[in-house]
Each structure stands twice: as structure tokens, then as C-alpha cells.
Amino acid sequence: MITLRPDTLLSGPQLDPVSGATVTFDGSRVAAVGAPPDDADVVDLPGTTLLPGFIDAHVHIALSDPAAVVKAGVTTARDLAWSPGQIWPLVERSQDELFEGPRLIAAGQMLTVEGGYPTKAGWAPLQTGRVVSGPDDAAQAVQEQVDAGACDVKVALNEAVGPTLDTDDLRAIVGAAHDLGLKVTGHVTGLGQLDKALDAGLDELAHMLMSNERIPESTIGRMVDQGMVVVPTLSCRFGSDQDSAVDNLKAFLRAGGRVVYGTDLGNEGPVPGIDPREVAAMARAGMSGNQIIASATVQSARWLGLPDTGVIAPGARADLVAVVGDPLADPARLTNIAGVWRGGRRIT
């Protein structure tokens, strides 16, 4: 057994800061929080705060280095669209505790239409997009993703680069996914596409609205009332485009909206691990250190259906990150990594 003794530990689902507490893990699971057992090997971590490993809910892991991701504090990641022949073997390998990278879950292919995003995107290998032709085929496309192991279903509503799913097909996708217990997330560009997503009952935006437009207050209200969750991915936005996304996120939060941390790693901007631009932009939107950490740990784990992840508590996975200083007071401290443990194994 190994015991970590930081200055402060963010304990339980409320991320309560506890001074002088320790966490003990035996193998890949947390055994105890509190006083260490007599036979534990104690690792002192002076000057640090210990928190659950981050979950990045939007990555394209094949466009990054998985080892760099986990070394910088992300111990679990959700891949949101890649070629099935490549992503599913990687997801399977990532379940091994010796895997040099985060534990992965994935959506599989992005559902779209002929000529729609991402079928012509330079970043996307063949079969990253799955073309849907009609409601019956929509249900079949969802079933294919589920059979492959999808954690949810992703759709493309990017009017800036091509045609998009019509309302009937989109509703068929959402209905089929919900019948099978999966949520639907969307790459949404344009206010009209956002309205369509809400009409069809999408559960999540995979990015804050991907156009430089202010979301009307009435639409923000619909998003909140319908329980739509936003994965901001602010680190892949720049200049006035990021300013607009931050303003929309601020309005969404002010209205009571729920946020789950994600960066769109693999796109221009995000860096592997806990991303400084993402954290800074979330803080600009008015999120506190506790809210940012919660969005990437306990709240993300609940949203993604990972009940043993995202919390420091007995029985949970020993996915842990030690950072220098107090990230509750200064979220920028989240990127000052002092140590990472994935399933109880020290990575850095």
C-alpha cells in the first residue's frame, strides 16, 4: 500500500479541501482517506494540493501523444470521432493499467450526411464520418456505434462547411441513441443549427457554439431547461472568436447551465494534459477553481457514466494529480504538476 500526504486533499464529491489528510491506495483503488495504515509507504508531497485526475471529455487522441496527455494530469479521456479501425483497438489497449496514456472511452464515428463535416476535413481519416441517409439508416448508424463500444453518439451540424443532417434524421438518431441508453453530442455551428439540435433533443454540445455569434437569452434558457450540457473547448478558439465563446459560456453559466471540461485536443490550440488556455478561459467566463476542477472530475464522471472515477474516496480509482499551490484560489496552479498517478501507478 502507498499513502500520499499532500498539504491539502480535495476529498469526496464536494472536493472538500482537507489539510493534513492522506490518501492510501492498494493497487488501482483508493483504500482509505485519512490516517495512513501502519504498513503503508508514505510519500510526502509538501506544498501541494491533491485532486482527482482530470477527465478531458473532448479529444482526438490519435492527433496527440497519449503519454504526454497522462503525464500532464489527464487520466481519462473521451475521443469524439475517429476511424473505427484505429480508435477501438486503442480504447481496448488503454484499459490496461500499464498503458502509457489516459484510459479512453469513445464515440466512434461522427454521424453526418453526404458531403457534410467531417467527410472532407483534412484532419479526419477515412470513415471518421458515417454518412446517414434517412431515418431507418440513422437507427442503423447508431446501432453500429453501440455494437462497437460507443459511450455516446456524436453528430455533425456544421453548416459552415457543407450540408447537415435534416431534422427528421437528427430526431431519428437521438431517439435511437436514447432507446439504447446513450446520450447524443453535437458539433454545432450556427444559431439555426443550435435551434435544430434543441428541437431534436440533443443532450450535449461538444463545443460551445462553433460560430462567432451571441446566443440569444431565449436560446440559452432552452438549453438550460432541456438539460443540455456544454463541453466548452475554449482552448481551440482564438481572438474575438474565443471572446464570443467565453461570453456565451458566461451567459449559460449565469442561467444555471452545466459544464463538462473538454479541450478538443488534436485541434490547433490545446496542449496535452490539463490545458492552461482552457483553464484561463473558463476562469474568464466566471468559473471558480472549485467549479473548474469539478467540471473535469466529479461532474464529468457522472455525465460520462464513470461511477468509480473523478473523486478521491474509498473504492474509487486511484487516478490522482498533485499540483503545486492552491488551485482553488488560483486555477492557473492546475498546470503546475507535481505528480500523476493512473490507477495507482505513478506516471510522473
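Refer to the structure printed above.
Q: Please explain helix α4 (residues 167-179) as it appears in this structure.
A: Owing to its 3.6 residues per turn, the α-helix aligns residues three or four sequence positions apart on the same side. Here α4 is 13 residues long and its end C-alpha atoms lie 18 Å apart, about the 18 Å a rise of 1.5 Å per residue gives. Every buried residue of α4 is accounted for by D169, L170, A172, I173, V174, A176 and A177. For α4, the elements touching its buried residues are β9 (110-112), α3 (135-148), β11 (153-158), β12 (184-189) and α5 (191-200). Of the residues flanking the start of α4, the one acting as N-cap is D166, its side-chain oxygen 3.2 Å from the backbone nitrogen of D168.

Q: I would appreciate a short explanation of the packing of helix α7 (residues 239-254) against helix α8 (residues 276-284) in the present structure.
A: The description of two helices packed together rests on the angle between their axes and the distance between the axes. At a minimum axis distance of 9 Å, the contact between α7 and α8 shows a crossing angle of 55 degrees. In terms of axis orientation, α7 runs oblique to α8. In this structure, the crossing between α7 and α8 has a hand that is right-handed. On the side of α7, the interface is formed by Q242, D243, V246 and K250, while α8 contributes R277, A281 and R284. For the contact of α7 with α8, the per-class residue count stands at 2 nonpolar, 1 polar and 4 charged.

Q: Mind showing me how you'd approach the sheet that holds β9 here?
A: Two strands in a sheet stick together by hydrogen bonds in their backbones, pointing the same way (parallel) or opposite ways (antiparallel). Spatially, 7 strands are ordered β10-β9-β11-β12-β13-β14-β15 in an open sheet, and the strand pairing comes out parallel. Since the sheet does not close on itself, it has two edges, and those belong to β10 (129-131) and β15 (258-259), each with one partner. In the sheet, β9 pairs with β11 via 2 bridges, with the strands oriented parallel. Looking at the pairing, L111 lines up with V155 of β11.

Q: Help me understand the packing of α3 against α4 in this model?
A: At a minimum axis distance of 8 Å, the contact between α3 and α4 shows a crossing angle of 40 degrees. Seen along the crossing, α3 lies across α4 with a hand that is right-handed. Every residue of α4 that contacts α3 at P135, A138, A139 and V142 is listed here: D169, A172, I173, A176 and A177. Of the residues in the contact of α3 with α4, the class split is 8 nonpolar, no polar and 1 charged.

Q: Help me understand α5 in this model?
A: The complete set of buried residues in α5 reads Q193, L194, K196, A197, L198 and A200. Looking at the buried residues of α5, the elements they touch are β11, α4, β12, β13 (204-205) and α6 (217-225). Directly beyond the C-terminal end of α5, a positive phi value near 90 degrees is found at G201.

Q: Mind showing me how you'd approach the packing of aromatic side chains here?
A: When we look at a pair of aromatic rings, we describe it by the centre distance and by the angle of the planes. Under the criterion given, the structure shown has 3 aromatic pairs. Taken together, a centroid distance of 6.0 Å and an interplanar angle of 25 degrees make the contact between W82 and W123 stacked. Here W82 is found in the loop between β7 (74-79) and α2 (84-94), whereas its partner W123 is found in the loop between β9 and β10, with 41 residues between them in sequence. For W82, a relative accessible area of 5% puts it in the buried group. Residue classification places W123 among the partly exposed positions, given a relative accessible area of 26%. Each ring, one from Y117 and one from W123, has its centre 6.2 Å from the other, and the planes form 55 degrees; the classification is tilted. Ring-pair connections join several aromatic residues into one group, and the members of that group are W82, Y117 and W123. The ring of W303 has K183 lying over it, and the distance from NZ or CZ to the ring centre is 4.5 Å.

Q: What am I meant to see in the sheet that holds β7 here?
A: Taken in spatial order, the 3 strands of this open sheet run β6-β7-β8, and their pairing is parallel. The sheet is open, and its two borders are formed by β6 (54-59) and β8 (103-106), each paired with just one other strand. Recorded for the sheet is a direction-independent mean angle of 20 degrees between the axes of neighbouring strands. Two elements, β7 and β8, share 4 bridges in a ladder whose sense is parallel. Across the sheet, the residue bridging to R78 is I105, located in β8.

Q: Can you walk me through the nonpolar core in this structure?
A: One broad trend across soluble globular proteins is that nonpolar side chains are buried collectively. Residues F54, I173, L194 and M223 are the most contacted members of the largest nonpolar core, which totals 75 residues. Sorting elements by how many residues they give to this core places α4 first, with 6 residues. Residue contacts for M223: discarding those within four places in its chain leaves L194, L198, L205, I215, M228, V230 and F252. Among the nonpolar cores identified, the runner-up in size contains 13 residues, and A21, I312, L320 and A322 belong to it.

The rules we used
- Residues numbered from 1 in each chain as written.
- Predicted model: local features only at pLDDT ≥ 70, side-chain atom pairs only at ≥ 80, totals over all residues.
- Heavy atoms only, no water.
- Helix = DSSP H or I, 4+ residues; strand = E, 2+ residues; numbered from the N terminus.
- Expected span 1.5 Å × (residues − 1).
- Buried < 20%, exposed > 50% of the residue type's maximum accessible area, 1.4 Å probe, protein only.
- Contact = heavy atoms within 4.5 Å.
- Polar contact = N/O pair within 3.5 Å; in protein donor to acceptor, adjacent residues only side chain to side chain.
- Axes fitted to C-alpha atoms, helices over the stretch in contact; angles between N-to-C directions.
- Parallel < 35°, antiparallel > 145°, perpendicular 65-115°, else oblique.
- Left-handed = near helix turned anticlockwise from the far one by under 90°.
- Nonpolar A, V, L, I, M, F, W, Y, C, P; charged D, E, K, R; others polar.
- Pairing = 2+ DSSP bridges.
- Phe/Tyr/Trp six-rings, centres within 6.5 Å; stacked < 30°, edge-to-face > 60°.
- Lys NZ or Arg CZ within 6 Å of the ring centre and 35° of its normal.
- Core = buried A, V, L, I, M, F, W, Y, C linked by side-chain atoms within 4.5 Å.

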